[in-house]
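# Structural characterization, general
Listed here are the chains, written in short residue letters.
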Amino acid sequence: MRRRVSDVTQIRNKRTSRTCVFSTNSHVKPRLCMESCQATAIAGSSSLSFFQKPRCFEGLTGVEIVMLSRQAGVLTTRFLQNGSRAWRSFATKKFAAPPMTYISGEEMSWYTMKIIREQWVEPFIDTSKWEYFDLSCKSRDETNDKVLHEAVASGKRLGAIFKEPTITPTTEQVKEFGLKKPFGSPNGAMRRGWNGITISRDTIHIPGIKLGFERPVFFERHAVGGEYGASWKGVGKGKVLTTYWPEDEKEKPVIIDGRVLHDDESAVVVYDNPLDNVGDLAHIFFQRCLEANIVPYVVTKKTVFKWQEGFWQKMKKVFDAEYKEKFLKAGLLDKCGGELIHLISDAATMQIIRWTGGGFGMACHNYDGDMLTDEVAQVHRSPGFITSNLVGKSEDGSLIKEFEASHGTVADLWHMHLRGEETSMNPLGMVVALLGAMDHAAALHPESQAEVTKFTLSCREAVYEAFRTGNGTRDLMGPNGLTTEKFVEWVAKNLEARMAKEGPAEIFTGEKVEAAPSKKLRKRYQAVDEDAMKAFFDKFDTDANGTISFDEFVDMTLDLGIAPLKAEELKKDEVRDQMHAEAESL
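Residues numbered from 1 in each chain as written. Predicted model: local features only at pLDDT ≥ 70, side-chain atom pairs only at ≥ 80, totals over all residues. Heavy atoms only, no water.

Once that is clear, we can look at the sheet that holds strand E10 (residues 101-104). The sheet built from ten strands is open, its strands ordered E12-E10-E13-E24-E23-E14-E15-E22-E20-E21 with mixed pairing. Of all strands in the sheet, those bounded by a partner on one side alone are strand E12 (131-134) and strand E21 (341-344). Between one strand axis and the next, the sheet turns by 20° as a mean value, whatever way the strands run. With four bridges connecting them, E10 and E12 associate as parallel partners. The residue bridging Thr101 from the neighbouring strand is Glu131, located in E12. Its contacts with the sheet put helix H7 (residues 309-322) on strand E15 (217-222), strand E20 (295-300), E21 and strand E22 (360-364), and the angle it makes with E20 is roughly 160°. Together, strand E14 (198-202), E15, E20 and E22 form the strand contacts of helix H10 (residues 366-379), whose direction differs from that of E15 by roughly 155°. (Pairing = 2+ DSSP bridges. Helix = DSSP H or I, 4+ residues; strand = E, 2+ residues; numbered from the N terminus. Axes fitted to C-alpha atoms, helices over the stretch in contact; angles between N-to-C directions. Contact = heavy atoms within 4.5 Å.)

Okay, here's the thing in structure tokens:
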């Protein structure tokens, strides 16, 4: 339903609570104040002008204009400061955003995105071409999940999707929400419907602030197959026969496995690892790494799980044929012996801790990608600083991209919000996802790309500036950080100033890296045993001078098994792992 521009305009002094109310639907003839001051104004589709200053506000500042619609509620909010010209205010002209699919979720993530849309998006953008779908548990229950299928169809048709975090209800939540049944995660339906290839998970960096990794870290997680597509059954003693039946019924069936079960309780699990789209994943991964100037690695556990060999072979085939020379020319293989390096997943776990300088990418199977990116998130502070973008492929070969944050609905802050307590929700992951979806939609519809790019760049820079200037949320700023609402308001004002300037968006170019707030501010620090930490520090502070020298640091990394290894040593480790695995399988 299209919103009418405004049925009612309120002018409210926040200091005195005095209010003028103008009421008329005309965009031409003057609006007459319904209160006693008899001020008059004219409102157009994107402006509000006063021909007579409201008498009840003379000499006062901090006036708030609220444009309302009986059907849509609050449309825009603008603030008038001091100065005679403040009484003539013109809103920024909106531009039409290209079509994309917007999937709303639940709890604190939903609330935060709601006020972000109201204050950051709607003042500048006509989103009438966006298709909205409510994927809350209640909505899925009321529509018998029809809303999910409609959202998937919309995303497939439009090719650009933003998704807020959603809830996959537990048994307890089914009762709490009064649902008919426990609906499963929507992710499987989305990956199937959009021919999912990979889930790209990358670190988010705020220019001027040190988080975890110094340079970007990229991950490509195979979007299909593995444990996530498994079927299983709990059984007792007996026999299990796994048989493959070829599509061509003239061919004979093949027995994959046969075994005897001796336990009274066993779980039999069956899954496959599709490989047809690994070539597409390889192109996406290597191209992204090349553009970002980072070193690529392929991660499997093929020394033990022999079926994972195919993933590595397909990745290497694409790399050698189409990318090796480009990476060599860029100098990105200088420390890798001039070859694409394979990492055993165990080794990758350790390297993520060691390589805090960043500048690397890893491509891996579905499950490994899920686990390893959780580790990346912890090194890089939290899941809020990691992207999660599903890339699929349409029938015509164009890419379908769905953007979301890697965190959940943030239930603890939601319950605080419901109790009326202050919250400080960092929306960076969701904002980066929304802007990514808008950029991809603009790439599919280049006629609006310049306007979209100015907005998305300006919005990113406004958010980054908030954190650089100490106006961020409390997860980074500590106790003096802003609340959820104050943070959104601060960025909204900064964004308005940026969008009002002519020309392209202004980009921060400062090189100074400021120290990140102490990690003691994190909630998890409350569980740390400081006495044990002091004893651990003293163990490696061998000269007891209160600092750890480089030699002592080397001893510590060797003792903990996290010392960075040379490329040739990594290869030796892989050979040893393979020999060990083969010995165990005998």
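Picking up where we left off.
The next subject is the pattern of salt bridges. Applying the stated criterion to the full structure yields 25 salt bridges. Here Glu220 makes a salt bridge to Arg288, at a shortest N to O gap of 2.7 Å. Note that Glu220 is positioned in strand E15 and Arg288 in helix H6 (residues 278-292), a separation of 68 residues in sequence. With respect to burial, Glu220 and Arg288 carry one shared label: buried. Here Lys486 and Glu489 are joined by a salt bridge, their closest N and O atoms 3.9 Å apart. Note that Lys486 and Glu489 are positioned in helix H15 (residues 484-500) at a spacing of three residues, about one turn of the helix. (Salt bridge = Lys/Arg side-chain N within 4 Å of Asp/Glu carboxyl O. Buried < 20%, exposed > 50% of the residue type's maximum accessible area, 1.4 Å probe, protein only.)

Right, let's get into the UniProt feature "domain: EF-hand" (unreviewed entry) in the chain. UniProt's feature table lists "domain: EF-hand" (unreviewed entry) at residues 528-563, given in the numbering used throughout. Helix makes up 61% of residues 528-563 and strand 0%, with an end-to-end C-alpha separation of 24 Å. (UniProt positions renumbered as here; feature names shortened; annotations may be inferred.)

For a regular strand, side chains alternate in direction, first toward one face of the sheet and then toward the other. Burial along E10 is two-sided: Thr101 and Ile103 and Tyr102 and Ser104, pointing in opposite directions, are all buried. Across three bridges, E10 lies against strand E13 (residues 160-163) in parallel orientation. If you follow Tyr102 over to E13, its bridge partner there is Phe162.

The next point concerns a nonpolar patch on the surface. Among the surface-exposed residues, Trp232, Val269, Tyr271, Val304, Phe305 and Trp307 lie close enough to one another that they form a single nonpolar patch of about 630 Å² accessible area. By the element assignment, Phe305 lies in the loop between E20 and H7. (Patch = residues over 30% accessible without salt bridge, like charges linked within 9 Å, V, L, I, M, F, W, Y side chains within 5 Å. Areas by Shrake-Rupley, 256 points an atom, 1.4 Å probe, with all protein chains shown as cover.)

Below, the discussion takes up the packing of helix H9 (residues 345-354) against H10. Packing of H9 against H10 leaves a shortest axis separation of 9 Å and a crossing angle of 15°. When the interaxial angle is binned, H9 and H10 end up roughly parallel. Note on packing geometry: the crossing formed by H9 with H10 is right-handed. Where H9 approaches H10, its residues Ser345, Ala348, Thr349, Ile352 and Ile353 are matched on the opposing element by Asp368, Leu372, Glu375, Val376 and Val379. Here the residues of the contact of H9 with H10 are counted per class, giving six nonpolar, two polar and two charged. (Parallel < 35°, antiparallel > 145°, perpendicular 65-115°, else oblique. Left-handed = near helix turned anticlockwise from the far one by under 90°. Nonpolar A, V, L, I, M, F, W, Y, C, P; charged D, E, K, R; others polar.)

Along the chain, the position of Thr456 falls in helix H13 (residues 449-468). Here the side chain of Thr456 touches Thr453 through a polar contact of 3.2 Å, landing on its backbone oxygen. If we ignore the near neighbours within four places in the chain, the residues touching Thr456 are Leu435, Met438 and Asp439. (Polar contact = N/O pair within 3.5 Å; in protein donor to acceptor, adjacent residues only side chain to side chain.)

For the rest of this paragraph, the subject is the packing of aromatic side chains. Counted by the stated rule, this structure contains 19 aromatic pairs. Here the aromatic rings of Phe285 and Phe286 are separated by 5.3 Å at their centres, their planes lie at 50°, and the arrangement is tilted. Both residues of the pair, Phe285 and Phe286, belong to the buried class. Members of the aromatic cluster, connected to one another through ring pairs, are Phe285, Phe286, Phe319, Tyr323 and Phe327. Positioned above the aromatic ring of Tyr228, the side-chain terminus of Arg221 is 5.0 Å from the ring centre. One residue, Arg288, lies across the ring of Phe218, its end atom 4.4 Å from the ring centre. (Phe/Tyr/Trp six-rings, centres within 6.5 Å; stacked < 30°, edge-to-face > 60°. Lys NZ or Arg CZ within 6 Å of the ring centre and 35° of its normal.)

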